[in-house]
Amino acid sequence: MVPTVIPMTGTVGAEIHGADVRNDDHWPTIRQAFIDHSVITIRAQTITPDDHIAFAQRWGDINVNRFFTPLESHPNIAVVLKNPDDTTAIGEMWHTDHSYDTAPAMCSILHAIDLPPYGGDTCFASQYAAYDALSDPMKTFLGGLSAWHSSRHAFGAATLDHEQAKGGRLHNQDKATQDALHPVVITHPLSGRKALYVNPDFTTHIEGLAEPESKALLAFLFEHCQNPDYQCRVRWQEGDITMWDNRALWHKAINDYAGHRRYMHRITVEGCALTK
Ligand code: SIN
């Protein structure tokens, strides 16, 4: 069977039906859909953690997340878990995975193992679309700027008393020492398209601007970038794999399933330094 690629919106995202991530013949369709749509949901995968790892390795080396709890049997898989009693979900603020690294992860691959009876969707916002919608003078201004990203405030000692650290869902707070400077507008390493590369969770300030200027500019960009016109929303079914492009998207886990469990396996794949 040939896999079918169905766009989720006119801007970003696609579902893939009839594909098996283990099948070499399906790989070219999956790879091209990822480049074209930035986030793909490959429905109904009956795979093991080893299959998940093998699929991730088609894209590149695995980048083990320092802060998420690893799966005991497969430490290069991170557990993304919300228990029925937890009030917070991992990743519920708009963000781009690993933007605090000097070579941020290229993609993340999330496998849905156990889902709540409703809710628990993941939203994505295209930073290509956010860039394209800006005026030419704003594009020129932003094109000359770089911004700092950090893991310290999000995963460091200050978070030790948060529910996710106390409950063992996040760890290694002492390893949250990463700061990275990236262009505010990047050229995507695969597509060659321009994308905005700042995000509300990890970007701290714009290099060289006075603090009020940096705050005002980031506030404008954070509001602009989450326009629903640039978004798609993944409604998970058990077995789905969703993989997203961290150089072209923000994402956000929706925390609307109080009292229920949601359990996913996530792998991030190594990226490269980002350039204008
Ligand atoms: C994440 O931010 O990586 C988790 C997304 C999700 O759980 O939907």
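Keep in mind the model is a prediction, meaning the values are calculated, not measured. (Residues numbered from 1 in each chain as written. Predicted model: local features only at pLDDT ≥ 70, side-chain atom pairs only at ≥ 80, totals over all residues. Heavy atoms only, no water.)

Q: Which parts of the structure should I look at to understand the overall build of the protein chain?
A: Within the protein chain one finds seven helices and 17 strands. The globule rule puts the C-alpha radius of gyration for 276 residues at 19 Å, and the 18 Å found for the protein chain is close to it. Across its three principal axes, the protein chain shows a C-alpha extent of roughly 50 × 45 × 35 Å. Look at the contacts in the protein chain between residues 6 or more apart in sequence, and 82% of them connect residues 24 or more apart. As displayed, the protein chain offers around 11700 Å² of accessible surface, 52% of which is attributable to carbon and sulfur atoms. (Helix = DSSP H or I, 4+ residues; strand = E, 2+ residues; numbered from the N terminus. Rg over C-alpha atoms; globule rule 2.2 N^0.38 Å. Contact = heavy atoms within 4.5 Å. Areas by Shrake-Rupley, 256 points an atom, 1.4 Å probe, with all protein chains shown as cover.)

Q: What exactly am I supposed to notice about the nonpolar core here?
A: One broad trend across soluble globular proteins is that nonpolar side chains are buried collectively. Residues Ile30, Ile40, Ile42, Phe55, Trp59, Ile109 and Met243 are the most contacted members of the largest nonpolar core, which totals 28 residues. Listing elements by their share of this core, those giving two or more residues are strand S2 (14-17), helix H1 (27-37), strand S3 (39-42), helix H2 (49-59), strand S6 (74-82), strand S7 (107-114), strand S15 (241-245) and strand S17 (262-269). With near-sequence residues (within four places) excluded, Met243 lies in contact with Phe34, Ser38, Val39, Ile40, Phe55, Trp59, Cys107, Ser108 and Ile109. (Core = buried A, V, L, I, M, F, W, Y, C linked by side-chain atoms within 4.5 Å. Buried < 20%, exposed > 50% of the residue type's maximum accessible area, 1.4 Å probe, protein only.)

Q: When you look at the pairing of S3 in this model, what are you seeing that I'm missing?
A: Every other side chain in a regular strand lies on the same face of the sheet, so the side chains alternate between the two faces. By the alternation rule, side chains of S3 split into Val39 and Thr41 and Ile40 and Ile42, which are all buried. Pairing geometry for S2 and S3, over three bridges, is parallel. Directly across from Ala14, in S3, lies its bridge partner Ile40. Viewed along the sheet, the connection from S2 through H1 into S3 turns out right-handed. Pairing geometry for S3 and S15, over four bridges, is antiparallel. Residue Thr41 lies in a different strand from S15, and its bridge partner there is Thr242. (Pairing = 2+ DSSP bridges. Right-handed = clockwise from strand over helix to strand, strands pointing away.)

Q: I tried to follow unusual backbone geometry on my own but got confused; where do I start?
A: The phi angle of most residues is negative, glycine excepted, and most peptide bonds adopt the trans form. Phi is positive for Ser38, which is not a glycine, with a value near 70°. The topology assignment puts Ser38 in the loop between H1 and S3. On the basis of relative accessible area, Ser38 is assigned to the buried category, the value being 3%. A positive phi is found at Ala44, a non-glycine position, where the angle reads about 55°. Ala44 gets classed as exposed once you look at its relative accessible area, which sits at 57%.

Q: Teacher, can you tell me more about the state of the cysteines here?
A: Note on terminology: disulfide describes a covalent bond linking the sulfur atoms of two cysteines. Under the defined criterion, the tally for this structure stands at zero disulfides. Lacking any disulfide linkage, Cys225 is separated from the closest cysteine sulfur, that of Cys123, by 15 Å. With no disulfide of its own, Cys272 lies closest to Cys107 among cysteine sulfurs, the gap being 12 Å. (Disulfide = S-S within 2.5 Å.)

Q: Would you explain the sheet that holds strand S8 (residues 122-126) in this entry?
A: Spatially, the three strands line up as an open sheet ordered S14-S8-S16, and their pairing is antiparallel. Strand pairing shows two members of the sheet lacking a second neighbour, strand S14 (231-234) and strand S16 (249-253), which therefore form its edges. The average angle at which neighbouring strand axes cross in this sheet is 20°, direction not considered. The pairing of S8 with S16 spans five bridges and is antiparallel. Within S16, the residue paired with Ala125 across the bridge is Trp250. (Axes fitted to C-alpha atoms, helices over the stretch in contact; angles between N-to-C directions.)

Q: What am I meant to see in the sheet that holds strand S9 (residues 146-150) here?
A: Backbone hydrogen bonds are what pair the strands of a sheet, in a parallel or an antiparallel way. Taken in spatial order, the three strands of this open sheet run S10-S9-S13, and their pairing is antiparallel. Strands at the two margins of the open sheet, each flanked by one partner only, are strand S10 (179-183) and strand S13 (203-206). Geometrically, the sheet is characterised by an average inter-axis angle of 30° between neighbouring strands, direction not taken into account. Sheet topology places S9 next to S10; five bridges connect them, and they run antiparallel. By the bridge assignment for S10, Ser150 is matched with Asp179.

Q: What is the right way to look at the packing of aromatic side chains in this model?
A: Between two aromatic rings, the relevant description is the distance of the centres plus the angle of the planes. Enumeration over the complete set of coordinates arrives at 11 aromatic pairs. Ring centres 6.0 Å apart and planes at 75° place the aromatic pair Tyr100 and Phe155 in the edge-to-face group. One end of the pair, Tyr100, is in the loop between S6 and S7; the other, Phe155, is in helix H5 (residues 152-155), with 55 residues separating them in the sequence. Each member of the pair Tyr100 and Phe155 is classed as buried. (Phe/Tyr/Trp six-rings, centres within 6.5 Å; stacked < 30°, edge-to-face > 60°.)

Q: Would you take a moment to explain the side chain of Ser151 for this structure?
A: In this structure, Ser151 sits in the loop between S9 and H5. By relative accessible area, which is 0% here, Ser151 ends up buried. In this structure the side chain of Ser151 is engaged in a polar contact, spanning 2.6 Å, whose partner is the side chain of Gln178. Sequence-distant contacts of Ser151, that is, excluding residues within four places in its chain, are made with Phe67, Tyr100, Gly156, Ala176, Thr177 and Gln178. (Polar contact = N/O pair within 3.5 Å; in protein donor to acceptor, adjacent residues only side chain to side chain.)

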